[in-house]
Amino acid sequence: MINCEKAGQLIEQKEFEKIGWFRKRKLKLHLKVCKMCRKYDEDNIVLSKIIRMAGVQFSDRQISAEDKERIKAHLTNHL
Amino acid sequence: MSKVEPTIDTSQWVDEYSDMLYNYANTRVNDHELALDLVQDTFVSALKGLKNFKGKSTVKTWLFSILKRKIIDHWRKQESRKTRPMSALGTAEESGEERVLERQNQGTVSQIEVDYDNKELREAIMGCIQELPERWKGIIIDKLVEEKKSEEVCKEHEITPSNLWVIVHRAKVQLRECLTIKWFNS
């Protein structure tokens, strides 16, 4: 029987890629008997979704014109 | 494919690529000034290495590869100041394991309604991501936010596939706990 740490890692892995049938079976067995990991498994997809959501905020900023000018001036010194 | 001309127009580089580079850097370091410095350093390094650029990739790809290296160097410096090496992760016998397991049992994340317009929730997530150890941040952003392939993340961060899942799991357990505190208890 795998422990909770290993089960947690398999829960993450199975979200992104196929895991072999043997490991899948080991995880299933663990989840059958472990309420704590079942709860984590249940939360996991939502957790991933909300982490992805943070990326929306990450990607839409612009450097101010002033900062761009400062970088340009700095680069001119290195030419 | 854009080729670098012998007389380089750095002003055009800045206009064309600085926002992209800045967003990439700021996502990973969450520090406006540091992200700007990294972008500036990227351009400086590109200028210095111009003679080595053969034009086999686009200027954009080339600049991003320089920036990625700089961010990884930054993480390494931060990491060496305060935490154990990444190679220490991945063994089941770690002292932190019990803590992870305890925390795995917390939280009510499945009750969160995923609402992309919820600014407070987004800020809470952002705050929690920023509390992660420096190098975990990059791995989490690459794997979970940008959904890069596992092989790519492992190669970029120089970790093994099994370390990747250890880090992803531990980071998510920490994020889950942090969100529970910041979101449900606020």
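Up top is the structure these notes are about.
Residues numbered from 1 in each chain as written. Chains lettered and ligands numbered in written order. Predicted model: local features only at pLDDT ≥ 70, side-chain atom pairs only at ≥ 80, totals over all residues. Heavy atoms only, no water.

Asker: Report on the interface of chain B and chain A, specifying residues and quantitative values.
Answerer: Taken residue by residue, the interface counts 57 residues in chain B and 44 residues in chain A. Summing both partners gives a buried area of about 5,000 Å² for chain B against chain A, and 66% of it is carried by carbon and sulfur. The three residues of chain B that bury the most area against chain A are Arg122(B), Trp165(B) and Lys172(B), which together make up 13% of that side's buried surface. At the boundary of chain B and chain A, one finds six salt bridges. Close ionic contact of Asp15(B) with Lys72(A) constitutes a salt bridge, the shortest N to O distance being 2.8 Å. Between chain B and chain A we count 13 residue pairs in polar contact (both at pLDDT 80 or more) in total. Sorting the residues of the side of chain B that touches chain A by element identifies α1 (10–29), α2 (32–48), α4 (97–104), α5 (119–130), α6 (134–145) and α8 (161–184) of chain B as the ones contributing at least two each. Considering only residue class, the side of chain B that touches chain A consists of 28 nonpolar, 16 polar and 13 charged. (Contact = heavy atoms within 4.5 Å. Buried area = accessible area lost by both parts, 1.4 Å probe. Salt bridge = Lys/Arg side-chain N within 4 Å of Asp/Glu carboxyl O. Polar contact = N/O pair within 3.5 Å; in protein donor to acceptor, adjacent residues only side chain to side chain. Helix = DSSP H or I, 4+ residues; strand = E, 2+ residues; numbered from the N terminus. Nonpolar A, V, L, I, M, F, W, Y, C, P; charged D, E, K, R; others polar.)

Asker: Go over α1(B), please, and point to the residues and values.
Answerer: Residues and elements named next belong to chain B. In a regular helix each residue adds 1.5 Å, so 20 residues correspond to 28 Å; α1 covers only 25 Å between its end C-alpha atoms and thus falls short of that length. By the largest-angle criterion, Tyr-17 marks the main kink of α1, which is about 55 degrees. The positive-phi residue at the C-terminal boundary of α1 is Asn-30, with phi of around 45 degrees. (Expected span 1.5 Å × (residues − 1). Bend = angle between axes of the 7 residues up to and from the residue.)

Asker: Could you give an account of the pattern of salt bridges, naming the residues involved and the relevant values?
Answerer: Once their charged atoms are close, side chains differing in charge can pair, the charge on each being opposite to the other. In total, this model carries 15 salt bridges over all chains according to the counting rule given. Of the charged contacts in the structure, one is a salt bridge between Asp67(A) and Arg70(A), with a shortest N-O distance of 3.3 Å. In this pair, Asp67(A) and Arg70(A) are both assigned in helix α4 (residues 65–78), three residues apart and thus about one turn of the helix distant. Through salt bridges with shared partners, a single ionic network connects Lys68(B), Asp142(B), Lys148(B) and Glu156(B).

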